[in-house]
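Residue-level structure breakdown
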Amino acid sequence: MTKDEDGLEMTGAEMVALAGSVAMCLSKKLTPREICLMRTFFQAVASNLSTIEYTDTICKSKKFK
């Protein structure tokens, strides 16, 4: 895989490994209820980022210019 030239300077595999490491570190310090709350929070972040990405793609398409 190649690194994203204008992005995070990480490959997809590196991002997955980082996400796994962060999840393991957080889970050692949190209660099951706190883990559930963190999951909900990160799902909301991911959902909002997807919406922003989709909207940006649509707005940049030729049919909306």
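The coordinates are above.
For clarity, every value in this text was computed on a predicted model and none was experimentally measured. (Residues numbered from 1 in each chain as written. Predicted model: local features only at pLDDT ≥ 70, side-chain atom pairs only at ≥ 80, totals over all residues. Heavy atoms only, no water.)

**Brief notes about the overall build of the protein**
Along the backbone of the protein there are 2 helices and 0 strands. Accessible area for the protein stands at about 6000 Å²; split by element, carbon and sulfur atoms hold 66% of it. (Helix = DSSP H or I, 4+ residues; strand = E, 2+ residues; numbered from the N terminus. Areas by Shrake-Rupley, 256 points an atom, 1.4 Å probe, with all protein chains shown as cover.)

**Looking at the layout of surface pockets**
Its volume calculated, the largest pocket comes out at about 340 Å³. Lining the largest pocket are 14 residues, and of these Leu18, Ala19, Val22, Ala23 and Phe42 sit closest to its centre. Of all the elements in the fold, those that place two or more residues in the lining of the largest pocket are α1 (12-29) and α2 (32-60). Here the element with the most residues in the lining of the largest pocket is α1; it accounts for 7 residues. Classifying every residue of the lining of the largest pocket gives 12 nonpolar, 1 polar and 1 charged. (1 Å grid on protein atoms, 1.4 Å probe; cavity = no way out; pocket = protein on both sides within 12 Å on 5 of 7 lines; lining within 4 Å. Points joined across faces, edges and corners; volume = space filled by probe spheres on them. Nonpolar A, V, L, I, M, F, W, Y, C, P; charged D, E, K, R; others polar.)

**Things to note about a nonpolar patch on the surface**
A cluster of nonpolar side chains, contributed by Leu18, Val22, Leu26, Phe41, Phe42, Val45, Leu49 and Ile52, occupies part of the molecular surface with about 710 Å² of accessible area. Secondary structure elements with two or more residues in the nonpolar patch: α1 and α2. When residues in the nonpolar patch are grouped by element, the largest group, 5 residues, is from α2. Looking at the secondary structure, you find Phe41 in helix α2. (Patch = residues over 30% accessible without salt bridge, like charges linked within 9 Å, V, L, I, M, F, W, Y side chains within 5 Å. Salt bridge = Lys/Arg side-chain N within 4 Å of Asp/Glu carboxyl O.)

**Examining the packing of aromatic side chains**
Tallied over the full model, the rule gives 1 aromatic pair. Judged by centre distance (5.2 Å) and plane angle (65°), the rings of Phe41 and Phe42 are edge-to-face. (Phe/Tyr/Trp six-rings, centres within 6.5 Å; stacked < 30°, edge-to-face > 60°.)

**Let's talk about the environment of Leu26**
Mapped onto the elements of the fold, Leu26 is located in helix α1. Spatially, the C-alpha atoms of Leu26 and Met38 are 9.0 Å apart, while their sequence positions differ by 12 residues.

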